[in-house]
Amino acid sequence: MVNENKNITKVCSFYVSDWHLITMLLPHINKTINERNKVTTILEEDAQEKVEILLNKIKIENANNIININWRKKDVSNIKIEELKLEETENIDNEIIIAGSIEYINEANELIEDYVKNNDFKGRIKIINCYLAEENLNIKEILNAHRAVLNTAGERTTKEFMKSINMVK
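Residues numbered from 1 in each chain as written. Predicted model: local features only at pLDDT ≥ 70, side-chain atom pairs only at ≥ 80, totals over all residues. Heavy atoms only, no water.

Draft legend 1. Quick look at the overall build of the chain. Per the secondary structure count, the chain includes six helices and six strands. Along its sequence from the N terminus, the chain presents helices and strands in the succession β-α-β-α-α-β-α-β-α-β-β-α. In terms of C-alpha radius of gyration, the chain reaches 15 Å, essentially the compact-globule figure of 15 Å for 169 residues. A buried classification covers 45% of the 169 residues belonging to the chain. In the chain, of all internal contacts separated by at least 6 residues, the share reaching a separation of at least 24 is 78%. Within the chain, the 28 negative side-chain charges are centred at a point lying 6 Å from the centre of the 23 positive side-chain charges. (Helix = DSSP H or I, 4+ residues; strand = E, 2+ residues; numbered from the N terminus. Rg over C-alpha atoms; globule rule 2.2 N^0.38 Å. Buried < 20%, exposed > 50% of the residue type's maximum accessible area, 1.4 Å probe, protein only. Contact = heavy atoms within 4.5 Å. Lys, Arg positive; Asp, Glu negative; His and termini not counted. Charge placed at Lys NZ, Arg CZ, Asp CG, Glu CD.)

Draft legend 2. Structural context of the packing of aromatic side chains. According to the stated counting rule, one finds two aromatic pairs in the structure shown. Between tyrosine 115 and phenylalanine 121, the aromatic rings sit 6.2 Å apart at their centres with planes inclined by 55°, giving tilted as the arrangement. Residue tyrosine 115 is classed as buried on the basis of its relative accessible area, which comes to 18%. Here phenylalanine 121 falls in the buried class, since its relative accessible area comes to 4%. (Phe/Tyr/Trp six-rings, centres within 6.5 Å; stacked < 30°, edge-to-face > 60°.)

Draft legend 3. Here's a closer look at the pairing of strand 2 (residues 38-43). The buried fraction of strand 2 is high, at five of six residues. For strand 2 and strand 3 (residues 93-100), the ladder comprises six bridges, and the chain directions are parallel. Its bridge partner lying in strand 3, threonine 41 is registered against isoleucine 97. (Pairing = 2+ DSSP bridges.)

Draft legend 4. Expanded view of the environment of isoleucine 105. Inspection of the secondary structure assignment puts isoleucine 105 in helix 4 (residues 102-118). Of the residues examined, isoleucine 105 reaches a relative accessible area of 0% and is grouped as buried. Once you skip the residues sitting within four places of it in the chain, isoleucine 105 turns out to touch Ile98, Ala99, Gly100, Asn129, Cys130 and Tyr131.

Draft legend 5. Structural context of the pattern of salt bridges. On inspection of all chains with the given rule, the structure shows eight salt bridges. Measuring nitrogen to oxygen at the nearest pair gives 2.5 Å for the salt bridge that ties arginine 124 to aspartate 93. Linking arginine 124 in strand 4 (residues 124-132) with aspartate 93 in strand 3, this pair joins segments that are 31 residues apart in sequence. Looking at arginine 124, the relative accessible area reads 38%, which means it is partly exposed. (Salt bridge = Lys/Arg side-chain N within 4 Å of Asp/Glu carboxyl O.)

Draft legend 6. Looking closely at the sheet that holds strand 2. The strand order across the open sheet formed by six strands is 2-3-4-1-5-6, and the pairing between neighbours is mixed. For this open sheet the edge positions go to strand 2 and strand 6 (154-157), each flanked by a neighbour on one side alone. Between one strand and the next, the sheet's axes are offset by a mean angle of 25°, whatever the strand orientation. As defined by bridge partners, strand 5 (residues 148-151) adjoins strand 6 across four bridges and the pair is classed as antiparallel. (Axes fitted to C-alpha atoms, helices over the stretch in contact; angles between N-to-C directions.)

Okay, structure coming up:
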């Protein structure tokens, strides 16, 4: 079941390695920054060094902004959502990239949902849940819990994605 909170949109993504995750996210993040939206991360594993290495090898418009996002790992039990400094203005969306184990992703999502619910949060949040494809995943269950899928081809609705991989007719 897709999240019912009107302030939160959930997108899922699947990756096979840290490098794949970063290369898949970079064009999307670049576009998001160009749209003047805020990007933050909640990561179970540190990715700062890999992001810096990759950005030093390619030419991308918002490289400095991307490096400054904070790609350091965070202990989900110590995260305070208010420290993410989410925007509540009408013209700025918040994008939170979450990557880690299923348990880590679920816990981070719960923190965000509770924060939005308990603080009468008025802004818009897009959560991009990034799942390592090597884990024992229930892909159909994950797809049913998200509105869209982000991959190297960009963002598509889960229905379009499921059609493209012949999950539905």
